[in-house]
Structure formats: structure tokens, C-alpha cells
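Okay, here's what each chain looks like letter by letter:
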Amino acid sequence: MNIEHIKSLADILSAHGLTALEVSEDGSKIRLEKQSPAAPGKTRFSASAAAVFEADTDADGSQPVDFNHLFEVKSPLVGVFYSAPGPDAEMFVSIGSKVKKGDVLCIIETMKLMNEITAERDGEIVDICVKNGDIAEFGQVLFKMY
């Protein structure tokens, strides 16, 4: 589940006047709750909508992803983003891929030059923020990893 998906769930919660929404997807579960307005004369100190992310530990015993401590791989240049070395080739990485420092994550084409973007550190890909064939801007987040 990526941040955009969570934001769309929050929009659904607000748009339909719901007080709670719970979704399970691919072994992870998210629950959004919206607190009812405080009674007159009472002060609320919590946010109007609280999101609680719960995920079961994986079969290998690893802990869920802490979305507050992600490393962002940003584009060092402007160009066309390619997730694979060719149209029919397998993607360099996908969500859940474990990468080592120096592994190729994608290609950015600028002025007919193919620039390989490599991992700056070891980790696991938790989000791919650009679609194949999109224009990547300088400094735009391409991948999120931990």
C-alpha cells in the first residue's frame, strides 16, 4: 500500500461521512478513524482523522515497514524514466525487491543518452513513484526504500 492509496482512502472516508474504514490488502491492514466533533465546551487535542497502520509480521519473521524512516531515491537529472532495459525485458526492480548498493534501479534517458540510476545503499524497494515512460524531473522521488 502506498501513500497515494492511503490518501484516497482518507478522501473516501471524508466524502461519504464515514467514521471508520478498514482495508486489508496483501497481508497488510490499514484502519482509518475519524473522531466525532467534541461536545461544546470540551477541547480536543488529537487530530480529526487518525490513521493506524497495522501489518502482520512476514512469514520470515521480519517487521512491517516503518514509513517514517524511508530512504528516497531521487532523480539526478531530467529525462524519460524506464523501469526495464528494453520494452520486453523484465523490470530492474519491483516493490519488495531487495537491492545492494550499486544495483541498477532504472534508466533515465536524456538527449538520447541512457543513464543508469543505481542504489546508493542496501535496502528493499517499498514504493515506485514513477511510471514507465513518464518524464522524471530533477530531484523527483523515483523510489522509496528502507
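About the thresholds
Residues numbered from 1 in each chain as written. Predicted model: local features only at pLDDT ≥ 70, side-chain atom pairs only at ≥ 80, totals over all residues. Heavy atoms only, no water. Helix = DSSP H or I, 4+ residues; strand = E, 2+ residues; numbered from the N terminus. Buried < 20%, exposed > 50% of the residue type's maximum accessible area, 1.4 Å probe, protein only. Contact = heavy atoms within 4.5 Å. Areas by Shrake-Rupley, 256 points an atom, 1.4 Å probe, with all protein chains shown as cover. Polar contact = N/O pair within 3.5 Å; in protein donor to acceptor, adjacent residues only side chain to side chain. Core = buried A, V, L, I, M, F, W, Y, C linked by side-chain atoms within 4.5 Å. Pairing = 2+ DSSP bridges. pLDDT = per-residue confidence, 0-100.

Asks: Any details on the overall build of the chain? Residues and values, ideally.
Replies: When you go through the chain residue by residue, the secondary structure sums to one helix and eleven strands. Shown N-terminal to C-terminal, the secondary structure of the chain runs as helices and strands in the order α-β-β-β-β-β-β-β-β-β-β-β. Per-residue burial over the chain gives 25% buried out of 146 residues. Residue pairs in contact within the chain that sit at least 24 positions apart in sequence constitute 49% of those at least 6 positions apart. Entry remark: accessible area of the chain is about 9,800 Å², with carbon and sulfur atoms responsible for 53%.

Asks: Summarise the environment of Tyr82; cite the residues concerned and give the values.
Replies: Secondary-structure assignment places Tyr82 in strand β5 (residues 79-82). Take Tyr82: its relative accessible area is 27%, and that puts it in the partly exposed class. Residues Tyr82 and Asn132, spaced 50 residues apart in sequence, show a C-alpha to C-alpha distance of 5.1 Å. Those residues in contact with Tyr82 that lie beyond four places of it in its chain are Phe92, Cys106, Ile107, Glu109 and Asn132. Looking at Tyr82, its side chain comes within polar contact range of the side chain of Glu109, at 3.0 Å.

Asks: So what's going on with the nonpolar core? Which residues, and what values?
Replies: Counting 15 residues, the largest nonpolar core has Phe81, Val99, Leu105, Cys106, Ile125, Leu142 and Phe143 as the members making the most contacts within it. Mapped onto this core, the elements with two or more residues apiece are β7 (104-110) and β11 (141-145). If we ignore the near neighbours within four places in the chain, the residues touching Leu105 are Val73, Phe92, Val93, Val99, Ile117, Thr118, Ala119, Ile125 and Phe143. Counting residues in hydrophobic clusters, the runner-up holds seven residues, among them Leu21, Val23, Ile30 and Leu32.

Asks: Break down the sheet that holds strand β10 (residues 135-136) for me, with residues and values.
Replies: Spatially, four strands are ordered β8-β7-β5-β10 in an open sheet, and the strand pairing comes out antiparallel. Taken across any chain shown, the strands that pair with only one partner, and hence form the sheet edges, are β8 (113-118) and β10. In terms of strand pairing, β7 meets β8 through six bridges, oriented antiparallel. The residue of β8 that forms the bridge with Ile108 is Asn115.

Asks: Outline the confidence of the model for the chain, supporting the account with residue identities and numerical values.
Replies: When the pLDDT values of the chain are averaged, the result is 79; 77% of them are 70 or greater. Element-level mean pLDDT values for the chain span from 41 in strand β3 (residues 49-55) up to 96 in β5.

Asks: Describe the side chain of Ser97, with residues and values.
Replies: Within the fold, Ser97 resides in the loop between β5 and β6 (98-99). Excluding its chain neighbours within four sequence positions, the residues that come into contact with Ser97 are Gly123, Glu124 and Ile125.

Asks: I'd like to hear about the side chain of Ser83, residue by residue, with values.
Replies: Relative to the helices and strands, Ser83 resides in the loop between β5 and β6. In contact with Ser83, not counting residues within four places along its chain, are Met91, Phe92 and Asn132.

Asks: Any details on the sheet that holds β6? Residues and values, ideally.
Replies: The sheet built from four strands is open, its strands ordered β4-β11-β9-β6 with antiparallel pairing. On the outer flanks of this sheet lie β4 (71-74) and β6, each paired with one strand and no other. Bridge count for β4 against β11 is four bridges, and the pairing is antiparallel. Residue pairing across strands places Lys74 opposite Val141, the latter belonging to β11.

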